[in-house]
Amino acid sequence: MENLVAENLQTVRQQMKTACQASGRKLEDVKLLLATKTVPLEKLQLAMQAGETLFGENKAQELRGKFPLMEQYKQVEWHFIGHLQTNKVKDVVKYVTLIHSVDRLKLGQALHQQLLKENKTMNILVQINTSYEESKFGAPPEAALELVEQLAQFETLNIKGLMTIGKLNATNDETRHCFRLLKRIQTEIREKKLPRVEMDILSMGMSGDFTVAIEEGATIIRVGTKVFGQRYLPDSYYWNEHARQDD
Ligand SMILES: *Cc1c(COP(=O)(O)O)cnc(C)c1O
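Please read all numbers here as calculations on a predicted model, not as lab measurements. Every residue gets a number counted from 1 within its own chain, in the order that chain's sequence is written. Predicted model: local features are reported for residues with pLDDT of at least 70 only, side-chain atom pairs are reported and counted for 80 or more only, and whole-chain, interface and lining totals are derived from all residues. Water and hydrogen atoms were dropped before computing side-chain values, which therefore reflect all heavy atoms in the structure.

## Focus: the site of the ligand
1) Next: Residues in contact with the ligand, as listed here, are Ala35, Lys37, Asn58, Ile81, Met206, Ser207, Arg222, Val223, Gly224, Thr225, Arg231 and Trp239.
2) Next: N or O atoms within 3.5 Å of each other form a polar contact, as long as, within protein, one can give a hydrogen and the other can take it, and as long as residues adjacent in sequence are counted only when both atoms are side-chain atoms. Within the side chain of serine 207, a nitrogen or oxygen atom sits 2.5 Å from an oxygen atom of the ligand.
3) Next: Here the Shrake-Rupley method, with its probe set to 1.4 Å, supplies the accessible areas, and only the displayed protein chains count as covering residues. In the complex, the protein chains occlude 96% of the 380 Å² of accessible area that the ligand would expose alone.
4) Next: For the shell around the ligand, the class distribution of residues is 5 nonpolar, 4 polar and 3 charged. Nearness of a residue to a molecule or strand requires only that one of the residue's heavy atoms be within 4 Å of it. By the convention adopted, Pro, Cys, Tyr, Trp, Phe, Met, Ile, Leu, Val and Ala count as nonpolar, Lys, Arg, Asp and Glu as charged, and the other residues, Gly among them, as polar.

## Considering the UniProt feature "modified residue: N6-(pyridoxal phosphate)lysine" (unreviewed entry) in the chain
1) Next: UniProt positions are given in the numbering used here, feature names are shortened, and annotations may be inferred rather than shown by experiment. UniProt annotation of "modified residue: N6-(pyridoxal phosphate)lysine" (unreviewed entry) refers to Lys37 when read in the numbering used here.
2) Next: Numbering goes from the N terminus for both helices and strands, where a helix is a DSSP run of H or I of at least four residues and a strand is a run of E of at least two. Within the secondary structure, lysine 37 is located in the loop between β1 (31-35) and α2 (41-49).
3) Next: Contact criterion: two residues are considered in contact whenever any of their non-hydrogen atoms come within 4.5 Å of each other. Setting aside chain neighbours within four positions, we find lysine 37 in contact with Glu57, Asn58, Glu62, Arg231, Asp235, Tyr238 and Trp239.

## Remarks on the environment of alanine 213
1) Next: Summarising the element assignment, alanine 213 is placed in helix α9 (residues 210-215).
2) Next: With near-sequence residues (within four places) excluded, alanine 213 lies in contact with Phe179, Met204, Gly205 and Ala218.

## Side note on α2
1) Next: Each residue's exposure class comes from its accessible area (1.4 Å probe, protein chains only) as a fraction of the maximum for that residue type: buried when under 20%, exposed when over 50%, partly exposed otherwise. All of the buried residues in α2 are Leu44, Ala47 and Met48. What you see down the axis of α2 is that its buried residues fit within an arc of 100°, all on one side. Within α2, the exposed residues directed more than 90 degrees away from the buried face are Glu42 and Gln49.
2) Next: Where α2 is buried, its residues meet α1 (4-22), β1, β2 (54-57), α4 (67-72), β3 (77-80) and α10 (225-228). Arc, as used here, means the arc of the directions from the helix axis to the C-beta atoms.

## Observations concerning the packing of aromatic side chains
1) Next: A pair of aromatic rings is counted whenever rings of Phe, Tyr or Trp (Trp by its six-membered ring) have centres within 6.5 Å, and the orientation is called stacked for planes under 30 degrees apart, edge-to-face for over 60 and tilted otherwise. Applying the stated criterion to the full structure yields 2 aromatic pairs.
2) Next: On the basis of an interplanar angle of 35° and a centroid distance of 5.5 Å, the ring pair of phenylalanine 55 and tryptophan 78 is categorised as tilted. Of this pair, phenylalanine 55 sits in strand β2 while tryptophan 78 sits in strand β3, placing them 23 residues apart in sequence.
3) Next: Where phenylalanine 67 meets tyrosine 95, the ring centres are 5.5 Å apart and the plane angle is 50°; that geometry is what we call tilted. Highlighted residues: phenylalanine 67 in helix α4 and tyrosine 95 in helix α5 (residues 89-95), separated in sequence by 28 residues.

## With respect to the pattern of salt bridges
1) Next: One side-chain nitrogen of Lys or Arg within 4 Å of one carboxyl oxygen of Asp or Glu is enough to make a salt bridge. Counting across every chain of the model gives 12 salt bridges.
2) Next: The residue lysine 66 makes a salt bridge to glutamate 57 at a minimum N-O spacing of 2.7 Å.
3) Next: Residue lysine 66 is classed as buried on the basis of its relative accessible area, which comes to 5%.
4) Next: Since its relative accessible area comes to 0%, glutamate 57 is described here as buried.
5) Next: Aspartate 200 is the partner of arginine 190 in a salt bridge, and the nearest nitrogen-oxygen pair spans 3.1 Å. Residue arginine 190 is located in helix α8 (residues 172-191), and its partner aspartate 200 is located in strand β7 (residues 197-203); the two are separated by 10 residues in the primary sequence.
6) Next: Residue class for arginine 190 comes out partly exposed when judged on its relative accessible area of 40%.
7) Next: Each of the salt bridges in this network shares a partner with another, and the network as a whole consists of Arg176, Arg180, Glu215 and Glu216.

## A look at the nonpolar core
1) Next: We define the nonpolar core as a collection of buried residues of types Ala, Val, Leu, Ile, Met, Phe, Trp, Tyr and Cys that are connected through side-chain atoms lying within 4.5 Å of one another. One finds Ile99 and Leu111 to be the most contacted residues of the largest nonpolar core, which totals 68 residues.
2) Next: When sequence neighbours within four positions are dropped, the list of residues in contact with leucine 111 reads Leu84, Val89, Val93, Ile99, Val102 and Leu157.

## Some details on the UniProt feature "domain: Alanine racemase N-terminal" (unreviewed entry) in the chain
1) Next: Look at the UniProt record and you will see "domain: Alanine racemase N-terminal" (unreviewed entry) annotated at residues 10-230.
2) Next: Structurally, residues 10-230 comprises 42% helix and 19% strand, and the distance from its first C-alpha atom to its last is 18 Å.

## A short note on the pairing of strand β4 (residues 98-102)
1) Next: Of all the 5 residues making up β4, 5 are buried; the element is thus mostly covered by neighbouring parts of the structure.
2) Next: Pairing between strands is defined by DSSP: at least two bridges between the two strands are required. Note that β3 and β4 share 2 bridges and pair parallel. Paired with phenylalanine 80 across the bridge in β4 is isoleucine 99.
3) Next: Throughout, right-handed denotes a crossover for which the path from the first strand over the helix to the second runs clockwise when the strands point away from the viewer. Since β3 and β4 lie parallel, the crossover through α5 that links them has a hand, and here it is right-handed.
4) Next: As judged from the 3 bridges shared by β4 and strand β5 (residues 122-127), these two strands associate in the parallel manner. Bridge pairing in β5 links valine 102 to valine 126.
5) Next: Handedness of the crossover joining β4 and β5 through helix α6 (residues 105-118) is recorded here as right-handed.

Written out as structure tokens, the structure reads:
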């Protein structure tokens, strides 16, 4: 049987290499996260067998469904990349090592409460809406610093950096603008030298724009379609008002 997942992975890995060379970056400074929403377990397993170790899930419920694979492939790290409702934090903190999508104080509070109960800490990124699109989650760029300062009060949260979704169906220049903005916010926050705030991770770039994101400084790119093929659910199911239930 042909293994398209392995083939696609080779292509993506090669493109990452080319983008790193073109922008004078080291390949080991850019991590590939595979976005797994709606992808069946068999396909994920092919990626794991090909040596991939970083996966990202959008929904708490789907994350739970991946549990058999977590048991089997212990070297694999899971991140949470989707919109997180405050009533779902319990499942998420149980399974993941980094949450990319903390975009509001209320969510930070909910995470903090849960983590206190479990006597744990969690690594997080703050999601910023760099494209200013209504349909996207993320704090407005102007509010980024204030949100980071507020979240830093919660001693259970380790702030590791920022995440964004670039403008979709846009020109390279438009997406590049989003990624540059995220980089600029990172620099501004770094200069404040806030206690307990690290700003080393920039999570940006997806199937359509990851090479641009690498050129602009991404340290984690999140790729789904390009490795696993088209999804049967539209992304609006994960990204827009349908996903807004508790806030
Ligand atoms: C689905 C998703 C991705 C991957 O998107 P592709 O276009 O399939 O590569 C990346 N980031 C987030 C937050 C996603 O929801």
